[in-house]
Amino acid sequence: MEMSLEYIISRAAKDAGIDETGEVSIRELEYRDEVRKICEGNSCRCYGTTWACPPGVGTLEECQKRLESYNRMMVFSKIYRLEDSFDFAGMRSAMNDFKDVTEAFDRGLGRDFPPHMVLSNESCHRCEVCTYPDEPCRFPDKLYQAIEGYGLVVSVLATRAGIKYNNGPDTLTFFGALLWGRS
Ligand code: SF4
């Protein structure tokens, strides 16, 4: 019996250790310039350093066009416990783990899964030295661009997907998104 794409997605999410998932409407996404301005402020020090963040992801219009070339979008999250709000090592380790979870989820979809795209919180730290901006990305199939870089407000996405954005004191929740299906 052929498995539905929804079944494959939900199995891959469970196997990867994803905590929550929920679908949102791509047509209702808001691509906000003020979010890009926060990226430009570079408090994360990722701006202009990889193909996962602005300006490497392209203009907001290009980002919108890229997302709108799909017709389904599922937001996913993973919750991490911290020792306290100063647990910076825990935050770093959670971020690294979430990148692994995102990749495991993508891999779990399988080679026969139709064309799709996976976004993830924050930048890409896969290579010691990124090729940006001189050469194309070394691993375009494993490049999970930053949701924030697309001008999307993650808390709004989470609410629309029916996922908890804030999971309480001493927790950190990371978000990603899967886009699939061609119009
Ligand atoms: S996979 Fe490597 S080359 Fe591609 S964006 Fe990430 S760090 Fe840069």
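Our structure's up above, just so we're on the same page.
Computed from a predicted model, the values in this text were never measured in an experiment. (Residues numbered from 1 in each chain as written. Predicted model: local features only at pLDDT ≥ 70, side-chain atom pairs only at ≥ 80, totals over all residues. Heavy atoms only, no water.)

K.L.:
Would you take a moment to explain the packing of helix H1 (residues 5-16) against helix H4 (residues 88-108) for this structure?
P.N.:
Each pair of packed helices can be described by the angle between their axes along with the distance between the axes. With their axes 8 Å apart at the nearest point, H1 and H4 run at an angle of 145° to one another. Handedness of the H1/H4 crossing: right-handed. Judged by residue contacts, Ile9, Ala12, Ala13 and Ala16 of H1 engage Val101, Ala104, Phe105 and Gly108 from H4. Residue classes in the contact of H1 with H4 are distributed as seven nonpolar, one polar and no charged. (Axes fitted to C-alpha atoms, helices over the stretch in contact; angles between N-to-C directions. Helix = DSSP H or I, 4+ residues; strand = E, 2+ residues; numbered from the N terminus. Left-handed = near helix turned anticlockwise from the far one by under 90°. Contact = heavy atoms within 4.5 Å. Nonpolar A, V, L, I, M, F, W, Y, C, P; charged D, E, K, R; others polar.)

K.L.:
What is the right way to look at the sheet that holds strand E3 (residues 116-120) in this model?
P.N.:
Note on sheets: strands pair through backbone hydrogen bonds, and any given pair is parallel or antiparallel. Within the open sheet, the four strands sit side by side as E1-E2-E4-E3. Their pairing is antiparallel. Since the sheet does not close on itself, it has two edges, and those belong to strand E1 (20-24) and E3, each with one partner. For this sheet, the mean angle separating the axes of adjacent strands, direction not counted, is 20°. Pairing analysis gives five bridges linking E1 to strand E2 (residues 70-81), with the strands arranged antiparallel. (Pairing = 2+ DSSP bridges.)

K.L.:
Which parts of the structure should I look at to understand the pattern of salt bridges?
P.N.:
Where charged atoms from two side chains of opposite charge approach closely, those side chains can pair. One pass over the structure, following the stated rule, counts nine salt bridges. The closest approach of N and O atoms between Glu68 and Arg27, which form a salt bridge, is 3.8 Å. Separated by 41 residues along the polypeptide, Glu68 in the loop between helix H3 (60-67) and E2 and Arg27 in the loop between E1 and helix H2 (33-41) bring together distant segments of the chain. Glu68 sits in the partly exposed class, given a relative accessible area of 25%. A relative accessible area of 52% means that Arg27 is categorised as exposed. (Salt bridge = Lys/Arg side-chain N within 4 Å of Asp/Glu carboxyl O. Buried < 20%, exposed > 50% of the residue type's maximum accessible area, 1.4 Å probe, protein only.)

K.L.:
How should the nonpolar core be read in this particular structure?
P.N.:
Generally speaking, nonpolar side chains in soluble globular proteins are found buried as a group. Ranked by internal contacts, the top residues of the largest apolar core, which has 24 residues, are Leu29, Leu67, Met73 and Leu152. If you list the elements that add at least two residues to this core, you get H3, E2, E3, helix H5 (154-161) and strand E4 (171-182). Residue contributions to this core peak at four residues, all from H5. Excluding anything up to four places from it in sequence, Leu29 contacts Val24, Leu67, Met73, Leu152, Leu157 and Arg160. Core analysis: the next-biggest nonpolar cluster, separate from the first, contains 21 residues, Met95, Phe105, Phe113 and Phe174 among them. (Core = buried A, V, L, I, M, F, W, Y, C linked by side-chain atoms within 4.5 Å.)

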